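# An overview of the molecular structure
What follows is each chain in one-letter form.
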Amino acid sequence: MTPSQPRVSTGPSQGRPTRRALLLAALGAAAVAATGCSSGDDDSSGGAKRLRIGYFAFPSGDLLVKNQKLLEKALPDHKISWIKFDSGASVNQAFIGGSLDIAALGSSPFARGIAGSSPIPYKVAFVLDVAGENEALVARKASGITDVAGLKGKTVATPFASTSHYSLLAALEQAGLKASDVKLIDLQPQPILAAWQRGDIDAAYVWLPTLDELRETGVQLISSKEIGAGGKPTLDLAVVSDELIAKDPEAIETWRKVEADGLRRLASDPEGSAQAIAKELGISLADAKAQLSQGVFLTPEQVASADWLGTEGSPGKLATYLTDTGAFLADQKQIDSAPTEETVRKALYLKGLPDGLKQ
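## Thoughts on the overall build of the protein
Broken down by element type, the protein carries 16 helices and 13 strands. A buried classification covers 55% of the 359 residues belonging to the protein. On the protein, roughly 14700 Å² of surface is accessible, and the fraction owed to carbon and sulfur atoms is 50%.

As structure tokens, then:
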């Protein structure tokens, strides 16, 4: 979807891609994901084992891990490729096309991915962060909109099938509006900024760093932190493919330890962490600190606690959050049917927890 041809929905079910359409689209995503991976990096060809990791240019411990090459140092016998994505929908497409082994993924697109009769073969193995003030709904000041109810009849952009899309639907419902009461447009973060500057949209629900640029000329109506406090939290998860679980579980163990180290560094060395994030995002140190302050980052101990991911044999509350997310999406007719809690529980990779996150 090009920026000049956004997908528009006047109702929640209109324009929803089928699994077949996603599979066809995945061919393109697979070609993109393959760049940077040499033809000889597959262990089957006698070369190094490979790890193809999808990431977002979003302030997090995951981005710190990438910048500091912590995984490359921990797995010197693996060919590691970091592939940038703009939204969870494209990550899902790449997994369907077999182009990813590990990736960051929002809780809403994950719930979509495991719904239906052909679930995507992947599992949640880590929690990167909990959405806070780093995802929010902002209206252009020139629009005169001051609350969510004021969006009725207005044009609102968000990346479809993302955590922001889920939170936007929740915000509308909370304000007594239906998705059909506004003109929803499917745009990725950078096209959202361009449409905002042209005056093509009245409001947008999106994440950092685009969010901060919208705030300069906008008014924030509600954040994901507020929506989460109201019972609909969203999270940035990390998922691993079923194929990787079967072929290289040791690499997953090492990767998870490295991600836990990334979370510890965020807490113990905020200055160094902000410097690394600033380099990755091409922003000032002050901006990096401000963006990191808006996220909610768990400790490794919290990640493996009953309140979140849980431990081997004992899934945590994340299973309930994801089940509720799927039910909400089905109620909004964003998916045909919600995944059951049993399906969600089976889609959590808990092997080795909590010991696997200890230093």
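## Remarks on helix α6 (residues 163-174)
For α6, which comprises 12 residues, the first-to-last C-alpha distance of 16 Å matches the rise-based estimate of 16 Å (1.5 Å per residue) to within 8%. Within α6, 10 of the 12 residues are buried, which leaves it mostly tucked inside the rest of the structure. Regarding α6, the residues found buried are Thr163, Ser164, His165, Tyr166, Ser167, Leu168, Leu169, Ala170, Ala171 and Leu172. You can read the cap of α6 off the contacts: a side-chain oxygen lies 3.3 Å from the backbone nitrogen of Ser164, and it is on Ser162. Trailing α6 by a residue or two, Gly176 shows a phi angle of about 80°, which is positive.

## Things to note about the environment of Ala306
Note that Ala306 resides in the loop between α14 (300-303) and β12 (310-311). Residues within four places of Ala306 in sequence aside, it is in contact with Gly316 and Lys317.

## Some remarks on the side chain of Glu259
Relative to the elements of secondary structure, Glu259 occurs in helix α11 (residues 249-268). Contact partners of Glu259, with chain neighbours within four places excluded, come to Gly61, Asp62, Val65, Phe126 and Leu128.

## Observations regarding the pattern of salt bridges
With the rule as written, the count across this model stands at 13 salt bridges. We note a salt bridge from Glu280 to Lys66, for which the minimum N-O separation is 3.2 Å. You can see Glu280 sitting in helix α12 (residues 270-281) and its partner Lys66 sitting in helix α2 (residues 61-67), a full 214 residues away along the chain. With a closest N to O distance of 3.8 Å, Glu341 and Arg345 form a salt bridge.

## Considering the sheet that holds strand β11 (residues 235-241)
What the 5 strands build is an open sheet, ordered β3-β2-β4-β11-β5; its pairing is mixed. With partners counted over all chains shown, the strands left at the sheet margins are β3 (78-84) and β5 (122-130), one partner each. Neighbour-to-neighbour, the strand axes of this sheet turn through a mean angle of 25°, independent of strand direction. Note that β5 and β11 share 7 bridges and pair antiparallel. Within β11, the residue paired with Val127 across the bridge is Leu237. Packed on one face of the sheet, helix α4 (residues 88-96) meets β4 (102-106), β5 and β11 and runs near 140° to β4.

## Regarding the pairing of β3
When you tally the buried positions in β3, you get 5 out of 7 residues, the bulk of the element. Bridge count for strand β2 (residues 49-55) against β3 is 7 bridges, and the pairing is parallel. Bridged to Ile53 within β3 is Trp82.

## A few points about the environment of Ala319
Structurally, the position occupied by Ala319 is in helix α15 (residues 318-331). Through-space distance from the C-alpha of Ala319 to that of Leu348 is 7.9 Å; in sequence the pair is 29 residues apart. Beyond its immediate stretch of four places on either side in the chain, Ala319 contacts Glu341, Val344, Arg345 and Leu348.

## A look at the packing of α6 against α15
Running from amino to carboxyl end, α6 crosses α15 at an angle of 65°, the nearest separation of the two axes being 11 Å. Considering their axes alone, α6 and α15 lie roughly perpendicular with respect to each other. Judged by the twist between their axes, the crossing of α6 over α15 is left-handed. Residues Tyr166, Leu169, Ala170 and Glu173 of α6 pack against Thr325, Phe328, Leu329 and Asp331 of α15. Per-class residue counts for the contact of α6 with α15 are 5 nonpolar, 1 polar and 2 charged.

## Things to note about unusual backbone geometry
Look at the link from Leu208 to Pro209: it is a cis peptide, with omega at 0°. Tracing the chain through its elements places Pro209 in the loop between β9 (203-207) and α8 (210-215). One non-glycine residue with positive phi stands out, namely Lys69, at about 55°. Position of Lys69 among the secondary structure elements: in the loop between α2 and α3 (70-74).

## Points about the nonpolar core
Of all hydrophobic cores here, the largest spans 86 residues; its most connected members are Leu51, Leu71, Phe110, Phe126, Trp255, Leu309 and Leu318. Filtering out sequence-adjacent residues up to four positions away, Leu309 remains in contact with Val124, Ala125, Phe126, Val127, Val303, Pro315, Gly316, Leu318, Leu348, Leu350 and Leu353. By size, the runner-up hydrophobic cluster in this structure holds 28 residues, among which are Leu137, Phe160, Ile227 and Ile335.

## Notes on the packing of aromatic side chains
Under the definition given, this model contains 6 aromatic pairs. Arranged with centres 5.1 Å apart and planes meeting at 80°, the rings of Phe95 and Tyr122 form a pair that is edge-to-face. One end of the pair, Phe95, is in helix α4; the other, Tyr122, is in strand β5, and 27 residues separate them in sequence. Of the two residues, Phe95 and Tyr122, neither departs from the other in class, the shared state being buried. The interplanar angle of 55° and the centroid separation of 5.7 Å between the aromatic rings of Trp308 and Tyr321 together place this pair among those described as tilted. Taken together, the residues span a long stretch of sequence, with Trp308 in the loop between α14 and β12 and Tyr321 in helix α15 at a distance of 13 residues. Assessed through its relative accessible area of 16%, Trp308 is described here as buried. Its relative accessible area of 24% is what places Tyr321 among the partly exposed residues.

About the cut-offs
- Residues numbered from 1 in each chain as written.
- Predicted model: local features only at pLDDT ≥ 70, side-chain atom pairs only at ≥ 80, totals over all residues.
- Heavy atoms only, no water.
- Helix = DSSP H or I, 4+ residues; strand = E, 2+ residues; numbered from the N terminus.
- Buried < 20%, exposed > 50% of the residue type's maximum accessible area, 1.4 Å probe, protein only.
- Areas by Shrake-Rupley, 256 points an atom, 1.4 Å probe, with all protein chains shown as cover.
- Expected span 1.5 Å × (residues − 1).
- Polar contact = N/O pair within 3.5 Å; in protein donor to acceptor, adjacent residues only side chain to side chain.
- Contact = heavy atoms within 4.5 Å.
- Salt bridge = Lys/Arg side-chain N within 4 Å of Asp/Glu carboxyl O.
- Pairing = 2+ DSSP bridges.
- Axes fitted to C-alpha atoms, helices over the stretch in contact; angles between N-to-C directions.
- Parallel < 35°, antiparallel > 145°, perpendicular 65-115°, else oblique.
- Left-handed = near helix turned anticlockwise from the far one by under 90°.
- Nonpolar A, V, L, I, M, F, W, Y, C, P; charged D, E, K, R; others polar.
- Core = buried A, V, L, I, M, F, W, Y, C linked by side-chain atoms within 4.5 Å.
- Phe/Tyr/Trp six-rings, centres within 6.5 Å; stacked < 30°, edge-to-face > 60°.

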